[in-house]
Amino acid sequence: GAPKVRRISDAFELSGRKRFSDGWQFLASYVWQRLEGNYDGVFQNSTGQLDPNINSAFDYADFLINAEGRLTNDRTHQLKFDGSYEFQTGPQGLNIGFSTYWLSGMPLNAYGYSFAYANWEYYRAPRGSLGRGPSEWEANIQAQYPIRFGDNKRVNLILDVFNLFDRQKPIQLDERYNL
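Bear in mind that the values here come from a model prediction, so they are computed numbers and not experimental data. (Residues numbered from 1 in each chain as written. Predicted model: local features only at pLDDT ≥ 70, side-chain atom pairs only at ≥ 80, totals over all residues. Heavy atoms only, no water.)

Quick look at the sheet that holds strand 7 (residues 119-123) now. Adjacent strands of a sheet pair through backbone hydrogen bonds, lying either parallel or antiparallel. Within the open sheet, the three strands sit side by side as 7-6-10. Their pairing is mixed. In this open sheet, the two strands that pair with only one neighbour each are strand 7 and strand 10 (176-178). Sheet twist, expressed as the mean angle between neighbouring strand axes with direction ignored, is 60°. Bridge count between strand 6 (residues 111-114) and strand 10: two bridges; the pairing is parallel. In the sheet register, Tyr111 faces strand 10, and the bridge partner there is Arg176. (Pairing = 2+ DSSP bridges. Helix = DSSP H or I, 4+ residues; strand = E, 2+ residues; numbered from the N terminus. Axes fitted to C-alpha atoms, helices over the stretch in contact; angles between N-to-C directions.)

Following this line, the structure appears as structure tokens:
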């Protein structure tokens, strides 16, 4: 018989928040996580298969060799920050916002090819044991300014800049071992 499906997440989150007052606010968090088991969930990363609860992970006994370990979305460290400041004097109503995150890299695998399935199904080494892929981060800003006219009418001018530092690096590596 096949082993039972296992997907265990242990996590610890530390967060801080300042509610909007005196023109500024922020929300920041740090998460430490360990995600282990033998089943990635409804999306099977090794094959790109999105068939909820009917993927091929348990079809053959050979697929279960080395299948226990760090799961694909195991990101040990996650940092996030969102904040904004609204000018009280000068350009009154101008609001500047900043949002950023940093995620540690995902566990690396060596996937072997299954000729029966014509796909990458086997774990050539224990799951998630080949180090970590590159970390991922991004920073975004927003500026918003209300133009008021009439008693209760206004138009908001908004400028959004996503990927502020134009970061264009690989965030996931090809883990297919060979044919």
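If you check the backbone angles, Asp22 has positive phi at about 55° while not being a glycine. Inspection of the secondary structure assignment puts Asp22 in the loop between strand 1 (7-21) and strand 2 (24-37). Asp22 gets classed as exposed once you look at its relative accessible area, which sits at 66%. Unusually for a residue other than glycine, Asn66 sits at a positive phi of about 65°. As for its placement among the helices and strands, Asn66 is situated in the loop between strand 2 and strand 3 (69-70). (Buried < 20%, exposed > 50% of the residue type's maximum accessible area, 1.4 Å probe, protein only.)

A few words now on the packing of aromatic side chains. Under the definition given, this model contains 13 aromatic pairs. Centroid distance Tyr113 to Trp120: 5.0 Å. Interplanar angle 70°. Geometry classified as edge-to-face. What makes Tyr113 partly exposed here is its relative accessible area of 22%. In this structure Trp120 comes out as buried when scored by relative accessible area, which is 13%. In textbook terms, an aromatic cluster arises when at least three aromatic residues are bridged by ring pairs, as seen for Trp24, Phe26, Phe81 and Phe98. In this structure, Lys18 is placed above the aromatic ring of Trp24, and the distance from its NZ or CZ to the ring centre is 4.4 Å. (Phe/Tyr/Trp six-rings, centres within 6.5 Å; stacked < 30°, edge-to-face > 60°. Lys NZ or Arg CZ within 6 Å of the ring centre and 35° of its normal.)

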